[in-house]
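One letter stands for each residue in the lines below.
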Amino acid sequence: MKRLLRVLKIIALGILGLIVIIIISLLIFYHSIYKATPLPAETAVAVNLQSSPNSGKPVLLPLPKTITWTGGHFSLSDHFRFQASADDVRFIRKVFVDHLNMAAENQSGAPILFKRNVSMGSQSYSLSILPARIIMEY
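Computed from a prediction, not measured in an experiment: that's the story for all the values here. (Residues numbered from 1 in each chain as written. Predicted model: local features only at pLDDT ≥ 70, side-chain atom pairs only at ≥ 80, totals over all residues. Heavy atoms only, no water.)

1. Here we look at the pattern of salt bridges
To keep it simple, the criterion reads: Salt bridges, as used here, are contacts in which a Lys or Arg side-chain nitrogen is within 4 Å of a carboxyl oxygen on Asp or Glu. Helix and strand assignments come from DSSP, with helices taken as H or I runs of at least 4 residues and strands as E runs of at least 2, each series counted from the N terminus.
Counted according to the given criterion, the structure contains 2 salt bridges. Asp98 is the partner of Lys94 in a salt bridge, and the nearest nitrogen-oxygen pair spans 2.6 Å. With Lys94 and Asp98 both in helix α3 (residues 86–100) and 4 residues apart, this pair spans about one turn of that helix.

This is how it looks when you write it as structure tokens:
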């Protein structure tokens, strides 16, 4: 009986040692293939990403190619009014209702303008925030 327990103990320690070796090997392998993804060369951001949460300025994702911070702010009301083309109204309204829990209404002359710009490239946008108006071109 003692011999059987000794054999089982050796097998258990062997399996445990094998598991530890496999885990260490996987960690070394993943560490060797991991490469930090650098920001694209054309990205020139005036905000240091490491200090953004402490700077009081919002972090914008996806990261814009250029950004200029100016004074002032734009305050959103409880009822979101925007102006957009008929093709985009449903999507914009859904985003505001689902993600921000705000009612959204398309209204001519609203302070927030969503404007489709066919001359801009795919996945491009321009966001201008003024004291009385926000213009989002995409």
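2. Quick word on the pairing of strand β1 (residues 79–83)
Definition in use: For every residue, the accessible area obtained with a 1.4 Å probe (protein chains only) is divided by the maximum for its type, and the residue is called buried under 20%, exposed over 50%, and partly exposed between those limits. Strands qualify as paired when DSSP identifies two bridges or more between them. Crossovers are marked right-handed if the path from the first strand over the helix to the second runs clockwise, as seen with the strands pointing away from the viewer.
Burial along β1 is one-sided: the residues Phe80 and Phe82 are buried and none of His79, Arg81 and Gln83 is. Bridge analysis of β1 against strand β2 (residues 103–106) gives 4 bridges, and the strand direction is parallel. Bridge pairing in β2 places Phe80 opposite Ala104. Crossover β1 to β2 through α3 is right-handed. Taken together, the 2 bridges between β1 and strand β3 (residues 112–115) define a ladder with parallel strand orientation.

3. Overview of the environment of Ile67
On the secondary structure map, Ile67 appears in the loop between α2 (52–55) and β1. You can call Ile67 buried: its relative accessible area is 16%. For the pair Ile67 and Ser126, spaced 59 residues apart in sequence, the C-alpha to C-alpha distance is 10.0 Å.

4. Comments concerning the environment of Ser126
Note the cut-off: Throughout, a contact is declared for two residues whenever any of their heavy atoms are within 4.5 Å.
Structurally, the position occupied by Ser126 is in strand β4 (residues 126–129). In the structure, Ser126 is positioned 60 residues away from Thr66 in sequence and 9.9 Å away in space, judged by C-alpha atoms. Contacts of Ser126, omitting those with residues within four sequence positions, involve Met120, Ile135, Met136 and Glu137.

5. Concerning the pairing of β3
In terms of strand pairing, β3 meets strand β5 (residues 134–137) through 4 bridges, oriented parallel. Looking across to β5, one finds that Phe114 is bridged to Met136.

6. A look at the confidence of the model for the chain
In plain terms, the rule: Known as pLDDT, the predictor's per-residue confidence is scaled from 0 to 100.
Overall, the predicted model of the chain reaches an average pLDDT of 81, with 83% of residues at or above 70. Within the chain, no element has a lower average pLDDT than α2, which sits at 55, and none a higher one than helix α1 (residues 2–33), at 93. In this model residues 44–52 is a low-confidence stretch, pLDDT under 50, and it forms 15 contacts with partners more than four residues away in sequence or in other chains.

7. Describing the sheet that holds β4
Quick reminder of the rule: Between N-to-C directions, angles span 0 to 180 degrees; the directions come from axes that are lines fitted to C-alpha atoms, helices contributing only their stretch in contact.
On the basis of which strands lie adjacent, the open sheet formed by 5 strands has the order β2-β1-β3-β5-β4 and mixed pairing. Two strands lie at the open edges of the sheet, namely β2 and β4, each paired on one side alone. This sheet shows a mean twist of 20° between the axes of neighbouring strands, independent of strand direction. Strand contacts of α3: β1, β2 and β3, with the helix running at about 160° to β2, the strand carrying the most contacts.

8. So, the nonpolar core
For the record, the criterion: Buried Ala, Val, Leu, Ile, Met, Phe, Trp, Tyr and Cys residues that are joined via side-chain atoms within 4.5 Å together make up what is termed a nonpolar core.
Of all hydrophobic cores here, the largest spans 12 residues; its members are Phe74, Phe80, Phe82, Ala84, Val89, Ile92, Phe96, Met102, Ala104, Ile112, Phe114 and Ile134. Sorting the residues of this core by element identifies β1, α3 and β3 as the ones contributing at least two each. With 3 residues, the top contributor of residues to this core is α3. Those residues within four positions of Ala104 in sequence are excluded, and the remaining contacts are Phe80, Phe82, Arg93 and Phe96.

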